[in-house]
Structure formats: structure tokens, C-alpha cells
Amino acid sequence: MHDELAFTPALELARRIRAKELSPVELVTAYLERIEALDPQINSYITVAADQALAAAADAAEAVGGDELPPLHGIPIGIKDLIDTAGIRTTCATAAWRERVPAVDAAVVAKLRAAGCVILGKHNTPEFAGGTFTEPLAYGACRNPWNLQYSPGGSSGGSGAATAAGLCALALGSDDGGSIRIPSGWGGLVGIKPTRGRVSAAPEPSALYYTPGPMAHTVADAAAMLDAISGYVVGDAFWAPDPARPFLQEVGADPGRLRIAFTTAGADGVPIAPGNAAAVHATAQVLARLGHDVFEVDDWPGRGMFPDDRALGLHAVYGVRFAALTDHGEMPPADTLEPGQQMLTMIGRDVKATDLFYASYLEGKSARQIVAAFFDRWDVLLTPVIASQPTTIGEIQADPAKALGLLQSIQFTGQFSQTGQPAIAVPADVDGDGLPVGVQLVGRPADEATLIRVASQLEVAQPWAGRHPALGGATT
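One structure accompanies this document, and this report is about it. One numbering rule holds for all chains: residues counted from 1, following each sequence as written. Two thresholds apply to this predicted model, a pLDDT of at least 70 for residue-level local features and 80 or more for giving and counting side-chain atom pairs, whereas whole-chain, interface and lining totals are computed over all residues. No hydrogens and no water enter the side-chain calculation; it runs on all heavy atoms of the structure.

We define a nonpolar core as any set of buried Ala, Val, Leu, Ile, Met, Phe, Trp, Tyr and Cys residues linked to one another through side-chain atoms lying within 4.5 Å. Think of it in three bands: residues with accessible area under 20% of the maximum for their type are buried, residues over 50% are exposed, and the middle band is partly exposed, with areas taken using a 1.4 Å probe on protein chains only. Of all hydrophobic cores here, the largest spans 81 residues; its most connected members are I75, L112, L120, L172, L382 and L441. By definition in these notes, contact holds between two residues if any of their heavy atoms fall within 4.5 Å. Excluding residues that lie within four positions of it along the chain, L441 makes contacts with V380, L381, L382, P422, A423, I424, L451, V454, A455 and L458. Among the nonpolar cores identified, the runner-up in size contains 18 residues, and I386, I396, L407 and A425 belong to it.

What follows concerns the state of the cysteines. A pair of sulfur atoms, both from cysteines and within 2.5 Å, is called a disulfide here. In the structure shown here, the tally under the stated rule is 0 disulfides. Here C92 is not cross-linked by a disulfide; its sulfur's nearest cysteine counterpart is in C142, at 16 Å. Overall, the relative accessible area of 5% leaves C92 in the buried class. Unpaired in this structure, C168 has its nearest cysteine sulfur neighbour in C117, at a distance of 11 Å.

The next subject is the layout of surface pockets. A pocket here means an open set of points on a 1 Å grid, computed over the protein atoms alone, that has protein on both sides within 12 Å along at least five of seven lines. A cavity is instead a set of points where a 1.4 Å probe fits but cannot get out; residues with an atom within 4 Å of a point line either one. Grid points are joined across faces, edges and corners, and a volume is the space filled by probe spheres set on the points. A volume near 1,200 Å³ is recorded for the largest pocket. The wall of the largest pocket is formed by 41 residues, among which E204, A207, Y210, R321 and L325 lie closest to the centre. Listing elements by their share of the lining of the largest pocket, those giving two or more residues are strand 4 (170-175), helix 10 (314-327) and helix 12 (353-374). A run of H or I in DSSP counts as a helix once it spans at least four residues, and a run of E counts as a strand once it spans at least two, with each numbered from the N terminus. Broken down by element, the residue count for the lining of the largest pocket peaks at 6 residues, all from helix 10. A class-by-class count of the residues in the lining of the largest pocket yields 26 nonpolar, 6 polar and 9 charged. Within this model, the second largest pocket holds a volume of roughly 810 Å³. Each residue gets one of three labels, nonpolar for Ala, Val, Leu, Ile, Met, Phe, Trp, Tyr, Cys and Pro, charged for Asp, Glu, Lys and Arg, and polar for the others, Gly among them.

Among the structural elements, T90 can be located in the loop between strand 2 (76-80) and helix 5 (107-114). Residue classification places T90 among the buried positions, given a relative accessible area of 0%. Polar contact is defined as a pair of N or O atoms within 3.5 Å, subject to the rule that within protein one atom must be able to donate a hydrogen and the other to accept it, and that residues adjacent in sequence are counted only when both atoms are side-chain atoms. In this structure the side chain of T90 is engaged in a polar contact, spanning 3.1 Å, whose partner is the side chain of T85.

Counting buried residues along strand 11 (residues 380-384), 5 of its 5 residues qualify, which places the element largely inside the surrounding structure. As defined by bridge partners, strand 11 adjoins strand 13 (residues 436-443) across 5 bridges and the pair is classed as antiparallel. Counterpart to V380 in the pairing with strand 13 is G443. The pairing criterion is simple: DSSP has to find at least two bridges between the two strands.

Counted at 1.5 Å a residue, the expected span for helix 3 (residues 24-42) with its 19 residues is 27 Å, and the 25 Å between its end C-alpha atoms agrees. Take the seven residues that end at a residue and the seven that start at it, fit an axis to each, and the angle between those axes is the bend at that residue. Along helix 3, the sharpest change in direction is near 40 degrees and occurs at E36; proline P40 comes one to four residues later. For helix 3, the set of buried residues is P24, L27, V28, A30, Y31, L32, R34, I35, D39 and I42. Two to three positions downstream of the cap, the backbone nitrogen of V25 sits 3.1 Å from a side-chain oxygen, assigning the N-cap of helix 3 to S23. Taken from the residues just after helix 3, N43 is the one with a positive phi, measuring 65 degrees. Multiplying 1.5 Å by the helix residue count minus one yields the expected span of that helix.

Let us now look at the pairing of strand 13. The element strand 13 is largely enclosed, with a buried count of 8 among its 8 residues. The side-chain alternation of strand 13 yields two buried faces, one formed by P436, G438, Q440 and V442 and the other by V437, V439, L441 and G443. Where strand 12 (residues 423-430) lies against strand 13, 7 bridges are found, and the strand directions are antiparallel. Across the sheet, A423 pairs through a bridge with V442, a residue of strand 13. Counting the residues that bridge the hairpin from strand 12 to strand 13 gives 5 residues, and of these G434 lies at a positive phi of roughly 80 degrees.

Moving on to the pattern of salt bridges. Each reported salt bridge corresponds to a side-chain nitrogen of Lys or Arg within 4 Å of a carboxyl oxygen of Asp or Glu. What the rule picks out here adds up to 14 salt bridges. Here R198 makes a salt bridge to E448, at a shortest N to O gap of 2.9 Å. Residue R198 is found in the loop between strand 5 (190-193) and strand 6 (211-216), and its partner E448 is found in helix 16 (residues 448-461); the two are separated by 250 residues along the sequence. Comparing R198 with E448, the two get one shared label, buried. Across the pair R257 and D293 runs a salt bridge, and its minimum N-O distance is 2.8 Å. One end of the pair, R257, is in the loop between helix 8 (219-229) and strand 7 (259-262); the other, D293, is in strand 8 (residues 293-296), and 36 residues separate them in sequence. A residue is classified by how much of its surface remains accessible, and R257, at 64% relative accessible area, is exposed.

This paragraph deals with a nonpolar patch on the surface. There is a patch of nonpolar side chains on the surface, built from Y232, V234 and W239 and spanning about 410 Å² of accessible area. Residue position: V234 is located in the loop between helix 8 and strand 7. Judged by relative accessible area, which is 76%, V234 ranks as exposed. Nonpolar side chains (Val, Leu, Ile, Met, Phe, Trp, Tyr) are joined into patches within 5 Å and like charges within 9 Å, using only residues with over 30% relative accessible area and no salt bridge. Only the protein chains shown count as cover for residues, and all accessible areas are computed by the Shrake-Rupley method using a 1.4 Å probe.

Right under this line is the structure:
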């Protein structure tokens, strides 16, 4: 598959399909051939659903020329292997579910099929998405295509790596602490964590932090995918108000003159990688040149650990979840999980109910402070995506103590999973090792529109989408 086609924006591919300049079968076949040739080095897919993808592509080809086509008709997409896909193996990267094939799509997958997408397969993730690096023992480490010695991040690491390497046109990730934004930042991608309730978790219960979201090469592609997956599903406990118009229409729209705060001030004792801080400062200068009022702040209220380290750390909160779900059969037995997840489960069993309640109580107070006190004064906050540079493959497995340091460095993403605000990661620079560096834009609740407008301004001012990795770390 020629690189030009592999990295052509999804909306342009959809235009060519509608114009009969490109067949969905030709496109899907080309992606499958590229996956076969390149993914053994990256390991971004746990399952490649070639037969299903070719059958869906053939159906898409027959529909061309008929009734009005959905916006992403024939577009090849990969799905994080945490999210159920009917008829396609969904393992959640755990050995015990190696043969698990759901009978029903998650609501978000059903919406993508309705939008015309063709599912190529399922992307690698940490076991049950439990980490910010993607090295499940049962399925092998996923590597960053910009430099194969490094991690693509997590937990949507396979989705980020596959998209960055041109092994799918779009990817569906999920985020409950930074799991879309971190791989997007480390992969040179646009990744959106939607407002809480914008995208349904159905058929699973609505989750306070968890949200599916798009990962793409361009702001327009991410916005179009967000349009496709948004919307209330009956039974959702949270839902966001409908946008004033489709998010795709916000791309290129004038955001007006905004008050934008930026910071590289992390929690005490958490160093910020120099390249990450430099990318924020450089982006702030670009935003000022674009006419916004841009100010550096160091007193933003989200500088603590997520959810609130006065009560419980994030690892303990996840531990409670793992303990509850394994004990009641919603996950495989704890003794079948990887050592790291078993440790989380043991930690969770020791957490007192009163401590968990107090953590939730403090979290709610700080969330209100962030939203009401800070975003009453500012339209947008600009931060690093993550404090640290990418870890090398095997680094965390060799020294599990480093996992805590990596967890602490997600403070810029985790805070806004806590508050439920929308956030978008956009490419900004390349560091000294040739790895992408992203920045994060955070907006008011339900205001993805402003973030998409600003991100599209940045995309024009500092073009990135034409850059992509060559395996081994060189860029082309």
C-alpha cells in the first residue's frame, strides 16, 4: 500500500469512494496488506478481522451510487480491544478471554457501522486497559512506530500505534484517565476525550470517567468521527446537551478572541520533561499570534493527584474496581490476571468503604472548584498531555516501581476525566529522540466546539498531518 493512500485523511478517502475514484474493497485490501507487512514489528492489533472486513467492504462497494451514503462510508477503522464487537473476538487483552466473541456490538461500535465504517480488527491494550503502557503478557508489547524501542502509551496504545503507522484510517479508543490523549500525544495524532455523557458506554453501565472517543490524523477526521459516535442511548446515567451544530462544521470556524491560560506547573515532585514544557510554551506563542489573550498560570486548581491523593491514589480506586468485578464474575478470576492486575486487586480488597467514599467526596469538591472557579475566568486551558517522555519497551515490566511514577505523570489528563470536561490532544513538536510531543487543550463542559475550532487553527498554523513515521524511528 502506498504511503500516500495509507495517510490520506479519512474524509478525503470517503469523498473518493462516493465519487467512485476508489473502491472500498480496494481500500480495505490495501490496509490489510499493510497490516500484514508492517504490524509484526509494531503489534498494534490483537485480532485482524480480514474476512469480516472484506465482506463489509464488498457491501459498501455495492451501495456506492445508490441512496445518500453515510459520512464515513467504506472507511477502514480499528477498535480498541476493550470495546465489544459482534462477531469479532474481544479479549480485553486478558488470556482468560482469548476465545471470547461478543454477540452484540457496544453502542459506539454500532454507531460507527451505521456511519459506514469497516472494522479491520481490534487494537492492543493493557489487560483490561489497566495502564499507561501497552504490554499485555498474553498478546505481547505494542511498539511506537516512530521509534520501535519506545511505548506508544496506553491504554489505547494499539489504537494510537496503528493510526500513526497508517494501519487504519481512524481508531476508536477509550479514555478514563488519559488513555486516548496519551497515545495521541506520543503518536503525533489528534485525540478527543469527549464531555462526560457525550458518547455512550452502552451496554455497559454509564461510567463516571470512562468515555470512548476518536483518534485520527486530522482535526476534521476526529470531529467527523465524534459526530458519528455521539448521542444518548436509553439507560445512560449521564448525557451531554446536543451541540448547536455538527462538530465537523466547527473545523475552520472562527473561535473569536479567547482567554487562554497555559501551564507547565505539575504537582510537587513531578518533573515535566523539557520537551513537553517547551511544546506548551511554543503553542502558547502561536495562540497569541492568532489573536487570543494568552496568560501563563501556576495556580490552577488541578495540581494534585487524580482523583485526590488526600484519600486514595488512582491505583487504589482501580484496585477496588478490579476486586469487585473479579469477585462477582464480571471479570475473570483474579488469579488468572497478570501480576500487576493481581496486585491492584489485592490493594482494592484492603480499601475501606469509608475511604472510597471520602475520595469520591473530595473529588467532587475539587471538580466543582476546577469547573466553577477556574473555567469561569478562562475559555481554554493549555497543558502538556503528560509530564513524562515515552517509556522504553520493557522498562516498566522490569521495574514495576516505575509504574507509579508513570501514573503520577498523567495528572494533566486525569484531572479532566475527573471533572468530565472535554479535552483534545494535538501534535505540537518532535523531541530529541524523534518522538512526537503533543499538547492538551481543555474546555468548559460540553464545549467540544471551541476546542475543535482552536485545534483547527493550530493545525493550520503549525501543520503536522503530512508527517508520519517510517519504521525504526526515521520520519518521512
